[in-house]
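The primary structure of each chain is shown beneath.
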Amino acid sequence: MKLTKQNLSERTDYIYDVIVVGGGAGGLSAGIYLQRYLLSSLIIDKGKARSFWMQELHNYLGLPPDTPGRSLLRQGKEHYLTLGGDMLDAFVEEIVDEGETFAVKVKIGRQDSFHQTFHARYLIAASGIIDYLPNLDNMRNVFDYAGYNMHVCLICDGYEMADKKVGVFASTASNAEVVFSLGWFTPHITLFTQGMFEVGYELRQKLQDNGYQIIETPIQQFLGEDHQMNGVELEDGTVIGLEAGLISMGSKYHADYLEKFDLEKQGGNLVTDKMARTSHPRIFAIGDLKVGLNQVVVAAADGALAATQIWRDLRRSRPMAGSGSEMLSGR
């Protein structure tokens, strides 16, 4: 059920089999599989998953290519709730390993907020990432186009940029390397450094050898209409026409609640086995948090794998069929 202030008391003394942090495609997929395995689960979602901002899901098998990400999430939540799963809109602040269970401390409500603690045997981290965007004085100008024809994922949307005049907006020399992969789709590339980093000799030479333009003057604003960006105006007043954009400025990983566990990482991503288990035997990581491909369809598959492995684990220790929820007093 959907947990609210009015019915929280019905669940706060339970031990869930699994708490899933994050209600994006991965978390919802995990929740659906968990419920169909007759396990008990709670999905805690802070809202605005990365896929929520996707205006069209082009790569998800079986969906029309103009399906908005928020439609996928809405249907996933409805499906999960019909299977008897619990869902709570809240922010996970801290997780404490109690030995056989985790204590998950959450903050509920943006105004007049309060704190609550839930308990579970396993944890699935599905809280994902959010992409950094160009930082302009008028961020509304950025949001007018981000997620439309100003993309953040080359794998998702390289096809959408084929043979177009594309501006790549990077924040570091390392992030700028994406232009060479983008070159598979289009030769018409302009790199915008926005004055945030120096283009070294080797990178500059490589860009010039490929015929890519470099603009180091900061951007004043994006130009366009009806959410379709068609160029940029620089701080010196110069206008440069474009047909699409690719933002490559890194991402914020929403996993601060896991820092105390000292899990194995590769860069900013969590290292897992083939079933999404991290270096902690009862913590799983799925979707954009783990090492792998940042794709909605991959996150959904990760959720299925994690839920299946947890069911296998619990099946060995629980011969009886049925939900594993129990009261804390019963431990």
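First, a word on what this report is: a plain description of the structure on this page. All of these numbers come straight from a predicted model, not from anything done at the bench.

**Brief notes about the pattern of salt bridges**
Now for step 1: A full pass over the atoms with the stated rule returns 14 salt bridges.
Now for step 2: A salt bridge links Arg282 to Asp97; the nearest nitrogen and oxygen atoms lie 2.8 Å apart. Highlighted residues: Arg282 in the loop between strand S18 (269-270) and strand S19 (283-285) and Asp97 in strand S4 (residues 91-97), separated in sequence by 185 residues.
Now for step 3: Residue classification places Arg282 among the buried positions, given a relative accessible area of 13%.
Now for step 4: Put simply, Arg140 and Asp144 hold a salt bridge, and the shortest N to O gap is 3.4 Å.

**Description of the pairing of strand S15 (residues 244-248)**
Now for step 1: For S15, a buried count of 5 out of 5 residues is recorded, marking the element as mostly surrounded by other parts of the structure.
Now for step 2: Going residue by residue along S15, you find Ala244, Leu246 and Ser248 tucked away on one face and Gly245 and Ile247 tucked away on the opposite face as well.
Now for step 3: Judged from the 2 bridges that link them, strand S8 (residues 150-151) and S15 form a sheet pairing that is parallel. Counterpart to His151 in the pairing with S15 is Leu246.
Now for step 4: With 5 bridges joining them, strand S9 (residues 166-170) and S15 adopt parallel strand pairing. Note on S15: the bridge partner recorded for Gly167 is Gly245.

**Brief notes about a positive patch on the surface**
Now for step 1: Taken together, the side chains of Lys46, Lys48, Arg70 and Arg110 present a region of like positive charge at the surface.
Now for step 2: As for its placement among the helices and strands, Lys48 is situated in the loop between strand S2 (41-45) and helix H2 (69-82).
Now for step 3: Residue Lys48 is classed as partly exposed on the basis of its relative accessible area of 46%.

**Digging into the pairing of S4**
Now for step 1: Here 6 bridges tie S4 to strand S5 (residues 102-108), and the two strands are oriented antiparallel to one another. Paired with Asp97 across the bridge in S5 is Phe102.
Now for step 2: Remark: 4 residues form the turn of the hairpin made by S4 and S5, two consecutive strands paired antiparallel; Gly99 in that turn has positive phi of roughly 110 degrees.

Cut-offs and rules
- Residues numbered from 1 in each chain as written.
- Predicted model: local features only at pLDDT ≥ 70, side-chain atom pairs only at ≥ 80, totals over all residues.
- Heavy atoms only, no water.
- Salt bridge = Lys/Arg side-chain N within 4 Å of Asp/Glu carboxyl O.
- Helix = DSSP H or I, 4+ residues; strand = E, 2+ residues; numbered from the N terminus.
- Buried < 20%, exposed > 50% of the residue type's maximum accessible area, 1.4 Å probe, protein only.
- Pairing = 2+ DSSP bridges.
- Patch = residues over 30% accessible without salt bridge, like charges linked within 9 Å, V, L, I, M, F, W, Y side chains within 5 Å.
- Areas by Shrake-Rupley, 256 points an atom, 1.4 Å probe, with all protein chains shown as cover.
- Lys, Arg positive; Asp, Glu negative; His and termini not counted.
- Charge placed at Lys NZ, Arg CZ, Asp CG, Glu CD.

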